[in-house]
Amino acid sequence: MKVNFVVEDFGAFKYLGCATAAKNLYKGLSGKIKVAWNEKTYNFDIAHFHTFGPSSMLYAKRFKGVKIITAHSTPNLNIQNIALPFLVNWIYKPLYNRFDHIIAVSNKCKRELMEEMRIKKDVTTIYNGIDTKAFKPDNTKRKTFRDRYGINEDEILVLTVAQRTPRKGVYDFLETAKRFPDLKFVWIGGFPYGGFSKEYLKIKRAIEKRSSNAIFPGFIEDITEAYSAADVFFMPSYAEGHSIVMLEALAMQLPVIARDLEEFREAFDDSIIYFKNVENITEDMFDGKLLDEYRKKTRVVEKFDIEKITIQHIELYENLLQD
């Protein structure tokens, strides 16, 4: 069995979760089956697509084997994420129907594909995965990051890793930082879509007017520095597929405070602290004893270890080749 991963990961797209998820799976499959990354030839049994664009669609048109796409992106995720989402959302249904099989990254995603979009192809749910062994707290990195941004060891650091868009909850992040001036809030990430990001200029102005305890470093090379420096991970997003950064945070043994979303309940059950709206976030949620209690629940991430996710993909590949 030979599989070619087709991923448009150039420029800013390399920072998106779909590219990260694809790289995680590619590394997990390497050594278990013959797998290539963006190979231009067509001598493969399966082409597994993780993004779509001009080059990948041209490859899909010419490829004669089994074509699979992982639905990292759906129309609902574009709302409040990119400017003028209707310009791209129309393409999802005809595009996804070109493939032989679709992988949904959650049951909620599968329901959107089958019930809302009425996709005609078979859909299988397989969650994203990470190499949990690659994400371990590091005290040296903790000190380095905190020293860089002037954060004392006795200060609680609240970390968010996401694009700066309304869907990701950037306004709620800024509001929460203002409400809790004694805590430090750090947002890692930028505008991968540039001016095409939803409310790009409005968000830039809001960040410029932020409270002094809110820090926006942009992109950083070693994300484990930020995870190591943090005491709690904050996820104010309004919609997700299956969050890679939440998996990474849990693997780093960070307790997670997140919006009460169906997709988070599906994946993490009662292993994280939930809030409905920013007004529901209380000081008690940052209490050391509560955070320690939820730090013990971070082992929920083990079911998303890339080794287990890899096995599920290989089984799907084999079944599709037998049909």
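Right, let's walk through the structure included here. (Residues numbered from 1 in each chain as written. Predicted model: local features only at pLDDT ≥ 70, side-chain atom pairs only at ≥ 80, totals over all residues. Heavy atoms only, no water.)

1. Quick look at the overall build of the protein chain
Across its full length, the protein chain carries 14 helices and 12 strands. Taken along its principal axes, the extent of the C-alpha atoms in the protein chain is 60 × 40 × 35 Å. Looking at the protein chain as a whole, 55% of its 323 residues are labelled buried. In the protein chain, of all internal contacts separated by at least 6 residues, the share reaching a separation of at least 24 is 69%. (Helix = DSSP H or I, 4+ residues; strand = E, 2+ residues; numbered from the N terminus. Buried < 20%, exposed > 50% of the residue type's maximum accessible area, 1.4 Å probe, protein only. Contact = heavy atoms within 4.5 Å.)

2. Overview of the sheet that holds strand β9 (residues 214-218)
The sheet built from 6 strands is open, its strands ordered β9-β8-β7-β10-β11-β12 with parallel pairing. One side of each edge strand has no neighbouring strand; the edge strands of this open sheet are β9 and β12 (273-275). Recorded for the sheet is a direction-independent mean angle of 25 degrees between the axes of neighbouring strands. Where strand β11 (residues 256-259) meets β12, 3 bridges bridge the pair, whose relative direction is parallel. The residue bridging I257 from the neighbouring strand is I273, located in β12. Sheet strands touched by helix α8 (residues 170-179): β7 (157-161), β8 (184-188), β9, β10 (232-235) and β11. Its angle to β8, the strand with the most contacts, is close to 160 degrees. (Pairing = 2+ DSSP bridges. Axes fitted to C-alpha atoms, helices over the stretch in contact; angles between N-to-C directions.)

3. Quick word on empty space enclosed by the protein
Tallied over the full model, the rule gives 1 cavity of 30 Å³ or more. Taken as a whole, the largest cavity holds about 70 Å³ of empty space. Residue lining of the largest cavity: 14 residues in total, with L25, H72, Y127, N128 and H313 positioned closest to the centre. Elements with a contribution of two residues or more to the lining of the largest cavity: α1 (17-29) and α14 (306-322). (1 Å grid on protein atoms, 1.4 Å probe; cavity = no way out; pocket = protein on both sides within 12 Å on 5 of 7 lines; lining within 4 Å. Points joined across faces, edges and corners; volume = space filled by probe spheres on them.)

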